[in-house]
Structure formats: structure tokens, C-alpha cells
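Topology and contacts: notes
The primary structure of each chain is shown beneath.
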Amino acid sequence: MPTNKLAELPFNIKDLKGFLAEDEGRALYDAAKKASKIGPCLEIGSYCGKSTVYLGVACKEENNILYAVDHHSGSEEHQPGEEYHDPDLYDERTGLMDSFREFRRVMRLAKLEKNVIPIVSDSSLVASKWTTPLGMVFIDGGHSLSSAMTDFNSWKNYIAVGGILAIHDIFPNPEDGGQAPFTIWKQAIKSGLFKKLSTINSLGLLRRI
Ligand code: SAH
Ligand code: MG
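Residues numbered from 1 in each chain as written. Chains lettered and ligands numbered in written order. Predicted model: local features only at pLDDT ≥ 70, side-chain atom pairs only at ≥ 80, totals over all residues. Heavy atoms only, no water.

1. Comments concerning the pattern of salt bridges
Note the threshold: Salt bridge, as applied in this entry: a Lys or Arg side-chain nitrogen positioned within 4 Å of an Asp or Glu carboxyl oxygen. Secondary structure is summarised from DSSP: a helix means a run of H or I of at least four residues, a strand means a run of E of at least two, and numbering begins at the N terminus for each. Relative accessibility under 20% of the residue-type maximum defines a buried residue, over 50% an exposed one, and the middle range a partly exposed one, all with a 1.4 Å probe and only protein chains included.
In total, this model carries 8 salt bridges according to the counting rule given. Here K17 and D86 are joined by a salt bridge, their closest N and O atoms 2.7 Å apart. Separated by 69 residues along the polypeptide, K17 in the segment before α1 (22–35) and D86 in the loop between β2 (66–69) and β3 (90–91) bring together distant segments of the chain. Taking the relative accessible area as the measure of exposure, K17 reaches 24% and is therefore partly exposed. Across the salt bridge formed by R93 and D91, the nearest N and O atoms sit 3.3 Å from each other. For R93, a relative accessible area of 73% corresponds to the exposed category. Using a relative accessible area of 13% as the deciding quantity, one classes D91 as buried. Salt bridges sharing common partners tie together K33, K37, E61 and E62.

Right under this line is the structure:
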């Protein structure tokens, strides 16, 4: 197997804060390697940079760019008192969640600052004036049905033919988790724009046809 830059990072990706399993990260890396030959990649929901590292290293190896979109104020489940709240990321001065500081620290350590462009904003606002065709879009932002639907509808038309749509947290069984990402995954197939490629753990990969 050819060696890749993931093995050369100065930290163990497993130790980063985040919500991504190792097999899912590897699959994102592999997909982004191929997709960067088509165009730059974009992720929605960077949090502290775990998925960004997998995608960003692949883009760097292919001399391409990853746009990393996140308002960095956290999703509903990250707010104080909620299940996935991390007090380390709470900014006392503003009374808001702020994952951007940790995200920047990780990008600097991973030497990804010349290949990852952070966009600290709401996904649908970023999409509203977007024009660049993309090799890959990874959706891992808000998990309410309206957020997930908005992300899918805002970005689906920017994926170039042959490019990849990746969706995280797909749980066909409602007992395993929220249904919004699974709903947009089904919607993507139903739209006729995408073909199912594979599902790795809770990560769904589709190709723009
Ligand atoms: N991919 C990350 C986990 C993402 S968690 C990892 O690998 O660990 C979901 C993220 O989506 C949060 O950081 C939250 O701030 C962001 N988010 C939620 N709704 C958003 C929106 N409308 N626009 C931009 N970012 C959003
Ligand atoms: Mg997720």
C-alpha cells in the first residue's frame, strides 16, 4: 500500500475532538483523493477539524483545496446542557460555543493552512452566492430535518458530474439515531442526480451522474 501523509501527522487523529470513526475518516480520505482530480472539495460541519484533516490531507496530496464551512457555534446538541456539549469549547466572554480556535490549532499542527480554507459562516449563506463546481461535498452540519434538507438542496447542484456527495450519520434504523441525514441520502438517490456508491459505518457515499 502506498504511504500517505495521514501517517506523518504530528498527532493521532483518534485523539482529536470530534464525531467521526476511523473507518469513516479513511473512506473520506480515499474519496477526496479521487474527487480532487475533478475539482476542489467542500465540507459542511468542520467542528474541531477531525473530518477536515482526512479530507484536507487528501486535497493537499492532490494539490487542491478544501473549503471547510462551519459557523463554529455548534449544532443544537453541542449547546450548554445538551448531550454533546464540551465545556472546553465554551467562550465565557460571548456566551457562545466556539470550535474555531481548536479548529485553527489543528489545521496549523497538521500543516494544512495552505490547502484548507475555513469559511466561518452559515452553510446556506455561503451557498447563496457560490459558483465554483466541486469535486466533492461532505454534509455533516446541522441534523434537524430542515438543516439537512437545506444543506442538500443548497449544494447538490455544485457537485460536478463524476464528483462525490458524502453524507454522515446515516441511520436506517431510527433506534440508532436521528433520521434527517438518512432522509437526504434517500432524497439524493430519488432525485436521479446521484448513484449510491457505498456506505461505510454511518457514512454514505454517492456519485453525481
Ligand atoms: N465533521 C465533524 C463533526 C461536525 S459536528 C467531525 O469530523 O468531528 C457539526 C458541525 O456543524 C458543528 O460544528 C456546527 O457548528 C456545524 N453547523 C451546524 N449547522 C450549521 C450551519 N447551518 N452552517 C454551518 N455550520 C453548521
Ligand atoms: Mg456527523
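2. Considerations on the site of ligand 1
Convention followed: Neighbouring residues are identified by heavy atoms, a residue being near a molecule or strand if any of them is within 4 Å of it. Side-chain atoms alone can form a polar contact between residues adjacent in sequence; in general such a contact is a pair of N or O atoms within 3.5 Å, and within protein one must be able to donate a hydrogen while the other accepts it. Here the open area of atoms and residues is found with the Shrake-Rupley method and a 1.4 Å probe, where only the protein chains shown may cover a residue. Gly is put with the polar residues, along with every residue not named as nonpolar or charged; the nonpolar set is Ala, Val, Leu, Ile, Met, Phe, Trp, Tyr, Cys and Pro, and the charged set is Asp, Glu, Lys and Arg.
In the region of ligand 1, 21 residues are neighbours, and G45, S51, D70, D122 and D140 sit closest. Residue F19 places a main-chain N or O atom 2.8 Å away from an oxygen atom belonging to ligand 1. Notes on ligand 1: free accessible area 590 Å², of which the protein chains cover 95%. Tallied by class, residues from the shell around ligand 1 come to 3 nonpolar, 14 polar and 4 charged.

3. A few points about the packing of aromatic side chains
Test applied: Aromatic pairs are defined between Phe, Tyr and Trp rings, using the six-membered ring for Trp, whenever the two ring centres lie within 6.5 Å; interplanar angles under 30 degrees are classed as stacked, those over 60 as edge-to-face, and all others as tilted.
Evaluation of the coordinates by the stated rule reveals 8 aromatic pairs. Between the aromatic rings of F19 and Y47, the centroid separation amounts to 4.9 Å while the plane-to-plane angle is 45°, which identifies the pairing as tilted. With F19 in the segment before α1 and Y47 in the loop between β1 (41–44) and α2 (50–61), the pair connects residues that are 28 residues apart, well separated along the chain. Here the aromatic rings of W130 and W155 are separated by 5.3 Å at their centres, their planes lie at 70°, and the arrangement is edge-to-face. Taken as a pair, W130 in the loop between α4 (123–128) and β6 (134–139) and W155 in helix α5 (residues 145–155) lie far apart in primary sequence, 25 residues in all. On the accessibility criterion, W155 (1% relative accessible area) is buried.

4. Notes on the coordination of the magnesium ion (ligand 2)
Each pair of donors in an ideal four-coordinate tetrahedral metal site encloses 109.5 degrees, whereas pairs in an ideal six-coordinate octahedral site enclose 90 or 180 degrees. Selection rule: For Na, K and Ca the donor cutoff is 3.2 Å, while for all other metals N, O and S atoms count as donors only within 2.8 Å; water does not appear among the atoms, so some sites may look incomplete.
Donor atoms from the polypeptide that coordinate the magnesium ion (ligand 2) comprise D140 (OD), H168 (ND1) and D169 (OD), at 2.0 to 2.2 Å from the metal. Of note, the magnesium ion (ligand 2) draws all its donor residues from one chain, in the sequence arrangement D-x27-H-D. With D140 in the loop between β6 and α5 and H168 in the loop between β7 (159–167) and α6 (180–190), this residue pair connects regions lying 28 residues apart in the sequence. Of the two residues, D140 and H168, neither departs from the other in class, the shared state being buried.

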